[in-house]
Amino acid sequence: MQKVTKAVFPVAGLGTRFLPATKASPKEMLPIVDKPLIQYAVEEAAAAGITEMIFVTSQSKRSIEDHFDRSWELESLLVKRQKNDLLELVQQIKPAHVNCIYVRQAEALGLGHAVLCAESVVGNAPFAVLLADDLLDATTPVLRQMLQIYEQYQASVVAVERIQPAQTRSYGVVAGDAARQCSQGQAFAISGIVEKPSPEEAPSDLGVVGRYVLDARIFDKLRNLNPGSGGEIQLTDGIEALLKENAVMAYLYEGVRYDCGSKLGYLKASVDFALRHPELDTEFAAFLQQRAASIQTAA
């Protein structure tokens, strides 16, 4: 069985839900305390053994490339000022054993199309897909959990979580006999996947989140798809087509997801990560307690 060493990061989206902040800066570069979202995703991939990071970008995403590149001027300044801790922090952004590759998505034609743009770099190898605005916090990195499932079943894997009926229009929703009995840390073979169904049409309460491990045969399926929901090439439609020939597993991951593509999810992540930050935890917790007390008094 071929080892998964490549990961695709679709980062070409416009980030309209965060305008005007994302007018000139990619949403993936929004910081959670002191690290951008894309760095959390890359760190998760690297911790799972990924060595080739493939970014599907657009013309407005140069800052992502710059972030993972060396900054000789900054490093020289930190050396001169003997800021060794900061120098080490900057140099560790991209581990030495990791390669970063950038591919352009010329048109915003959907997640499936973005993944297809990486085909020439991925080739015939199995690969992971990580959406950076899904920040997954787990003791064992979620992608590492998924690769264990991939190795166990030798099949593509999609990460899922339980959602409320009102949320189905925002997710791909999986179908499978074991969907309702599945517990965290467990996987089951899916029989179908539907993009953004109504609550009445949803086949289960398990929605797909932004982590995938895919067989390279997905590229053939994506190439032959007609536009689906929203007039875009949907990755879920490609997975549905792949299902007709190959097994696909749904994995109810262990961890906490922050939907940082939404303002509320982004703020929740910022608060929780700040409360664990060694420079901020005590003072920030005290600030939140003061704010909560003042809000309660005002109410």
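Reading the values: the criteria
- Residues numbered from 1 in each chain as written.
- Predicted model: local features only at pLDDT ≥ 70, side-chain atom pairs only at ≥ 80, totals over all residues.
- Heavy atoms only, no water.
- Buried < 20%, exposed > 50% of the residue type's maximum accessible area, 1.4 Å probe, protein only.
- Helix = DSSP H or I, 4+ residues; strand = E, 2+ residues; numbered from the N terminus.
- Pairing = 2+ DSSP bridges.
- Phe/Tyr/Trp six-rings, centres within 6.5 Å; stacked < 30°, edge-to-face > 60°.

Looking at an unreviewed UniProt entry, one finds the protein named UTP--glucose-1-phosphate uridylyltransferase, with Polaromonas hydrogenivorans as its source organism.

Draft legend 1. Summary view of the pairing of strand β8 (residues 156-162). The element β8 is extensively covered by neighbouring structure, given that six of its seven residues are classed as buried. Alignment of β8 against strand β12 (residues 206-214), held across five bridges, turns out to be antiparallel. Residue pairing across strands places Arg 162 opposite Leu 206, the latter belonging to β12.

Draft legend 2. Region of interest: the packing of aromatic side chains. The final tally for this structure, using the stated rule, is eight aromatic pairs. Plain terms: the ring middles of Phe 9 and Phe 55 are 5.1 Å apart, the flat faces sit at 20 degrees to each other, and that makes the pair stacked. Here the residue Phe 9 occupies a position in strand β1 (residues 6-10), and Phe 55 occupies one in strand β4 (residues 52-57), the gap between them amounting to 46 residues. The burial state of Phe 9 is the same as that of Phe 55; both residues are buried. Ring centres of Phe 55 and Tyr 102 lie 5.1 Å apart, and the angle between their planes is 15 degrees; on these two criteria the pair is classed as stacked. Here the residue Phe 55 occupies a position in strand β4, and Tyr 102 occupies one in strand β5 (residues 99-104), the gap between them amounting to 47 residues. What makes Phe 55 buried here is its relative accessible area of 0%. Given the relative accessible area of 27%, Tyr 102 is considered partly exposed. An aromatic cluster is present here, built from Phe 9, Phe 55, Phe 68 and Tyr 102 joined pairwise through their rings.

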